[in-house]
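Residues per chain, in single letters:
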Amino acid sequence: MLTNIISISLGAILINNFIFSQFLGICPFLGCSSKVDTAAGMGLAVVFVMGLASAICWVIDVYILVPLGLAFLETLAFILVIASLVQFVEMFLKKMVPSLYSALGIYLPLITTNCAVLGVVLLNVQNNYNFIESVVYGITGGLGFMLAIVLFASVRERVDFADYPECFEGFPICLVSAALLALAFMGFSGMKIF
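Residues numbered from 1 in each chain as written. Predicted model: local features only at pLDDT ≥ 70, side-chain atom pairs only at ≥ 80, totals over all residues. Heavy atoms only, no water.

J.: I tried to follow the overall build of the protein on my own but got confused; where do I start?
T.: Secondary structure assignment for the protein yields 8 helices and 0 strands. In the protein, the succession of α and β elements from N to C terminus is α-α-α-α-α-α-α-α. Relative to a compact globule of 194 residues, whose C-alpha radius of gyration would be 16 Å, the protein shows 17 Å and is just as compact. Along the first, second and third principal axes, the C-alpha set of the protein runs to 60 × 45 × 25 Å. (Helix = DSSP H or I, 4+ residues; strand = E, 2+ residues; numbered from the N terminus. Rg over C-alpha atoms; globule rule 2.2 N^0.38 Å.)

Here it is in structure tokens:
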């Protein structure tokens, strides 16, 4: 059991990182990664939503949808749970951390449509994870997302002071930087944990 948890954790953070290996959640990755502080805030919000969504969606799937023969409604039910959680996070940040709330801007509600959050709960069902494995996969998948977005934000902050051709100004240099980070993470793809 412990080796399985470690395998799931390392797989979600490094080997099958949602951003760099599965290419899920690219919208907030590119939109909220101009400053490390904003990226860390977005990463923490995604970790919270992924972990809680994994727990709640597992319970809904196992105890409500599957026994009633409504497994075909999984995606709809999961989207409703994720939207509710994001609304909760948005209200909390607006009240408690207004500076982060304004820095995240439109990208905070976009966590609702962040395919990485929906992807983690659907992969929990597809991989037949139990409750503990689902929660661990959700949290570590969020940590992998946070690692990716914070690394990319730090690269973008350094790129602002670098010399590169004028034709790469703005978004093109961001895409080149993201591609290089993805290549670095693809080095973990052949890794076998246990």
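Resuming the write-up.
J.: Even after reading the chapter, I still don't get the environment of isoleucine 56, so can you show me in this structure?
T.: Within the secondary structure layout, isoleucine 56 lies in helix H3 (residues 36-65). Since its relative accessible area comes to 33%, isoleucine 56 is described here as partly exposed. Beyond its immediate chain neighbours, meaning those up to four positions away, isoleucine 56 contacts Val81 and Leu85. (Buried < 20%, exposed > 50% of the residue type's maximum accessible area, 1.4 Å probe, protein only. Contact = heavy atoms within 4.5 Å.)

J.: Sorry, what's going on with the confidence of the model for the protein here?
T.: Low pLDDT marks stretches whose predicted atomic positions should not be read closely. Summary statistics for the protein give a mean pLDDT of 89 and a share of 98% for residues scoring 70 or more. The element-level mean pLDDT for the protein is lowest in helix H5 (residues 98-104), coming to 83, with helix H7 (residues 131-159) highest at 94. (pLDDT = per-residue confidence, 0-100.)

J.: Would you take a moment to explain the environment of serine 154 for this structure?
T.: Relative to the helices and strands, serine 154 is located in helix H7. In sequence terms serine 154 and glycine 141 are 13 residues apart; their C-alpha atoms lie 20 Å from each other.

J.: Teacher, can you tell me more about unusual backbone geometry here?
T.: For residues other than glycine, phi is negative in most cases, and the peptide bonds are mostly trans. Positive phi values are uncommon outside glycine, yet phenylalanine 23 reaches one of about 55°. Relative to the helices and strands, phenylalanine 23 is located in the loop between helix H1 (2-15) and helix H2 (26-31). Phenylalanine 23 sits in the exposed class, given a relative accessible area of 51%. Positive phi values are uncommon outside glycine, yet asparagine 128 reaches one of about 55°. With relative accessibility at 67%, the residue asparagine 128 sits in the exposed group.

J.: Help me out: how do you make sense of the environment of cysteine 57 in this one?
T.: Relative to the elements of secondary structure, cysteine 57 occurs in helix H3. The spatial distance from the C-alpha of cysteine 57 to the C-alpha of threonine 75 is 9.9 Å, given a sequence separation of 18 residues. Residues contacting cysteine 57, with those up to four places away along its chain left out, are Phe78, Val81 and Val121.

J.: I tried to follow helix H6 (residues 115-126) on my own but got confused; where do I start?
T.: Given 3.6 residues per turn, any residue in an α-helix points the same way as the ones three and four places further on. The terminal C-alpha atoms of H6 lie 15 Å apart, and with 12 residues this matches the ideal 16 Å at 1.5 Å per residue to within 8%. Along H6, the residues that are buried comprise Ala116, Val117, Leu118, Gly119, Val120, Val121, Leu123 and Asn124. Tucked inside the fold, the buried residues of H6 contact H3, helix H4 (74-96) and H7. Within two residues after H6, asparagine 128 carries a phi angle of roughly 55°, on the positive side. (Expected span 1.5 Å × (residues − 1).)

J.: What is the right way to read the nonpolar core from this model?
T.: In summary, soluble globular proteins display a tendency toward joint burial of nonpolar side chains. Phe29 and Ile111 are the most contacted members of the largest nonpolar core, which totals 52 residues. Secondary-structure elements contributing two or more residues to this core are H1, H2, H3, H4, H5, H6, H7 and helix H8 (171-186). Residue contributions to this core peak at 10 residues, all from H3. Excluding residues within four positions of it along the chain, isoleucine 111 makes contact with Met42, Ala45, Val46, Val49, Ile82, Val86 and Val117. (Core = buried A, V, L, I, M, F, W, Y, C linked by side-chain atoms within 4.5 Å.)

J.: Got a minute to help me understand the packing of aromatic side chains in this structure?
T.: What describes a pair of aromatic rings is the distance from one ring centre to the other and the angle between the planes of the rings. Following the criterion strictly, the structure yields 9 aromatic pairs and no others. Linked through ring pairs, Phe20, Phe29, Phe152, Phe185 and Phe188 together constitute an aromatic cluster. (Phe/Tyr/Trp six-rings, centres within 6.5 Å; stacked < 30°, edge-to-face > 60°.)

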